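# Fold and contact review
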Protein chains: 2
Amino acid sequence: MREDERAADLIFMRLALEEAAKAPSVGEVPIAALVVREGRILAQTHNYRELWQDPTAHAEVIVIRAAAAALGTWRLTGATLYVTVEPCAMCIGAIILARIDRIVFGAKDPKAGACGSLFNIPTEPKLNHQVLVVGGILEQESQSLLQSFFKQLRENAPVTHSRSTQ
Amino acid sequence: MREDERAADLIFMRLALEEAAKAPSVGEVPIAALVVREGRILAQTHNYRELWQDPTAHAEVIVIRAAAAALGTWRLTGATLYVTVEPCAMCIGAIILARIDRIVFGAKDPKAGACGSLFNIPTEPKLNHQVLVVGGILEQESQSLLQSFFKQLRENAPVTHSRSTQ
């Protein structure tokens, strides 16, 4: 990886973490995503499953829809998606369908991650689009956000959220 | 499978095929989905990727969002999702996240199907929700719709749609 690409990845992942940190105040799991193209942020959001009562409202799916709306096309060629946690099957599927070039994620998700943990969808050579995957960027910071959130949920029983990112 | 369940599956799949047949007139690939609970259709739609320029606008994702909105909850427990073509990774991921009990699909999708063709996501025992999968219901009718659509696209060159369901 080029030095300037690595520096950009750290900048955008820090912004994603800032976005994720806003989620618990509205009752959402602290996971956030950004879509960036040519150095410009097209969209950024955290999860909205609980507020919207929408099972598809993971940060990645929302941010892809917003970026496509911003550009007026479903093809997000040339874009990079940053997300604080490894995408699940739905989200990596959406990323591939959107023809995103590259994804950068923070923490692994052993329970549902589909970029090397539970599944490894992007490495399937028969897919009609290949996406480059970079994992582990600011992994500790991402994990700390999740751990604090779930610790607080456990302390504030009765629990109204499922204790999983999924 | 019980006889009455089989009969219901045929009824709902025929309705899904009727919905799919409407898609080409608005420039969409003829694939449609229904969410049914307790014998009642909660939502039905075909794909909207081109009209909305939204890469996530597969019939399954749209219908799940609509069914969740109709019920006021992201948990679609007890529901069956009917779709005319085998779901891709994004769609089966969304189905599992929505806690749908059962999916019934028509034609297989060898290029991107994630319920036995390219991937087999629902059989992963580590997932926190198991969905029952029934495939091949009115498979020929579903394939015929797709074949006619792509034949017509080829004949009406210049082609403005990608020649794939994905």
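What you see as residue numbers is a count from 1 along each chain, following the sequence as written. Following the order in which they are written, the chains are lettered starting with A and the ligands numbered starting with 1. Owing to the predicted nature of the model, reporting of local features is limited to residues with pLDDT of at least 70; listing and counting of side-chain atom pairs is limited to 80 or more, with chain, interface and lining totals taken over all residues. Working from all heavy atoms in the structure, the side-chain values ignore hydrogens and water.

## Focus on the sheet that holds strand 4 (residues 102-107) of chain A
All names here are of chain A. Across the sheet, which stays open at both edges, the five strands sit in the order 2-1-3-4-5 with mixed pairing between neighbours. Pairing within the sheet leaves two strands with one partner each, and these edge strands are strand 2 (40-46) and strand 5 (132-134). The average angle at which neighbouring strand axes cross in this sheet is 15°, direction not considered. By definition, two strands form a pair when at least two bridges between them are found by DSSP. Numbering of helices and strands runs from the N terminus; a helix is a DSSP stretch of H or I covering at least four residues, while a strand is a stretch of E covering at least two. Bridge analysis of strand 4 against strand 5 gives three bridges, and the strand direction is parallel. Across the sheet, Arg102 pairs through a bridge with Leu132, a residue of strand 5. What makes two residues a contact is simply this: any of their non-hydrogen atoms within 4.5 Å. Axes here refer to lines fitted to C-alpha atoms; in helices the fit is confined to the stretch in contact. Angles between the N-to-C directions go from 0 to 180 degrees. Along the sheet face, helix 1 (residues 3-22) touches strand 1 (32-37), strand 2, strand 3 (79-85) and strand 4 and points at about 50° away from the line of strand 3.

## Examining the interface of chain B and chain A
If you look at the interface, chain B gives 32 residues, while chain A gives 32 residues. Across the chain B to chain A interface the summed buried area is about 2,900 Å²; carbon plus sulfur atoms make up 65%. Between Lys or Arg on one side and Asp or Glu on the other, a salt bridge is scored when a side-chain nitrogen of the former is within 4 Å of a carboxyl oxygen of the latter. Summed over the shared surface of chain B and chain A, the number is two salt bridges. Here Asp54 of chain A ties to Arg65 of chain B by a salt bridge, and the two come within 3.0 Å at their closest N and O atoms. Counted as a polar contact is a pair of N or O atoms within 3.5 Å, where, for protein atoms, one must be capable of donating a hydrogen and the other of accepting one, and residues adjacent in sequence contribute only when both atoms are in side chains. Across the contact surface, chain B and chain A share four residue pairs in polar contact (both at pLDDT 80 or more). Put simply, the parts of the chain that give the side of chain B that touches chain A at least two residues each are helix 2 (49-52), helix 3 (59-71) and helix 4 (89-97) of chain B. Of the residues forming the side of chain B that touches chain A, the biggest block, five residues, is contributed by helix 4 of chain B. Residue polarity follows a fixed list, in which Ala, Val, Leu, Ile, Met, Phe, Trp, Tyr, Cys and Pro are nonpolar, Asp, Glu, Lys and Arg are charged, and the others, Gly among them, are polar. For the side of chain B that touches chain A, the class distribution of residues is 15 nonpolar, nine polar and eight charged. A simple way to read buried area is as the amount of 1.4 Å-probe accessible surface that goes missing from two parts once joined, with both sides added.

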